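Close look at the chain arrangement
Letter by letter, the chains look like this.
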Amino acid sequence: MMDTTELITELNKILTLEHGHLGMYKNFMNYSDRDVRRTFRHFMEMEMEHVNRIQTILRNLGIKPSLIVEGGDIIGKMFGVSINIADELEAIKAFKFIEEKSHQGYLKFTEKLEKENTPLSNFIAEEITSSNQLESYLQYLWLKDRLI
């Protein structure tokens, strides 16, 4: 059974990754392709919502949200991926990999929460992780399709 400390640690790890995802898409204006710019702007907005959802649940638990990795290239530090946005194709490949890993991570965490079957774990799974999981999968699919 997951205790409160483990739950908070997992949520802060997810918050850290979501900040990294936000960082991936916040430079959407640097891309030459109009469709990529529009989509990445929308992805940035989705990532902002993911950050807000996780921060809200942490605050409701009485915890100050905190990042596991402070500053710098969060994604690079956690996944070992360096992203060069000067090369649009390479950035899309890297983002696809990251969104796929994000979806897999959310899927595992949501399943873990559902196995807990407590009011809190069910609420987090239903209201936060399952929707973030779906959105990360949709982002992955768009990025994958973009590479075809």
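Right above here is the structure, for reference.
For the structure given in this document, a descriptive report is provided here. Worth saying up front: this structure is predicted, and the values here are computed from it rather than measured. (Residues numbered from 1 in each chain as written. Predicted model: local features only at pLDDT ≥ 70, side-chain atom pairs only at ≥ 80, totals over all residues. Heavy atoms only, no water.)

Topic: the environment of Asn 27
Our working definition: In this description a helix means any DSSP run of H or I spanning at least four residues, a strand means any run of E spanning at least two, and both kinds are numbered starting from the N terminus. Summary of the burial criterion: residues with accessible area below 20% of their type's maximum are buried, those above 50% are exposed, and those between are partly exposed, where the area comes from a 1.4 Å probe applied to protein chains only.
Its location among the elements puts Asn 27 in the loop between α1 (4-25) and α2 (34-60). A relative accessible area of 30% means that Asn 27 is categorised as partly exposed. As for Asn 27 and Arg 41, which are separated by 14 residues in sequence, their C-alpha atoms are 8.3 Å apart.

Regarding helix α5 (residues 119-147)
Inclusion rule: Here a helix's expected span is defined as the number of its residues, less one, multiplied by 1.5 Å. Bend, in this description, refers to the angle at a residue between axes fitted to the seven residues ending there and the seven starting there. The criterion used for residue contact is that any of the two residues' heavy atoms lie within 4.5 Å.
Helix length check: α5 (29 residues) gives 41 Å between terminal C-alpha atoms against 42 Å at 1.5 Å per residue, within 8%. By the largest-angle criterion, Ala 125 marks the main kink of α5, which is about 40°. Those residues of α5 that fall on the buried side of the exposure criterion are Ser 121, Ile 124, Ala 125, Ile 128, Thr 129, Asn 132, Gln 133, Glu 135, Ser 136, Gln 139, Tyr 140 and Leu 143. Close packing links the buried residues of α5 with α1, α2 and α4 (88-116).

Examining the side chain of Thr 110
Here Thr 110 shows up in helix α4. With sequence-adjacent residues up to four places away left out, Thr 110 is seen in contact with Ala 125, Thr 129, Ser 130 and Gln 133.

Things to note about a nonpolar patch on the surface
What counts here: Residues form patches when they are more than 30% accessible in relative terms and have no salt bridge. Like charges link within 9 Å. Nonpolar side chains (Val, Leu, Ile, Met, Phe, Trp, Tyr) link within 5 Å. Values of accessible area rely on a 1.4 Å probe in the Shrake-Rupley scheme; residue burial ignores everything except the protein chains shown. Note on definitions: salt bridges are taken to be side-chain nitrogens of Lys or Arg within 4 Å of carboxyl oxygens of Asp or Glu.
Taken together, the side chains of Leu 134, Tyr 137, Leu 138 and Leu 141 define a hydrophobic patch exposed on the protein surface, amounting to about 350 Å² of accessible area. Residue position: Tyr 137 is located in helix α5.

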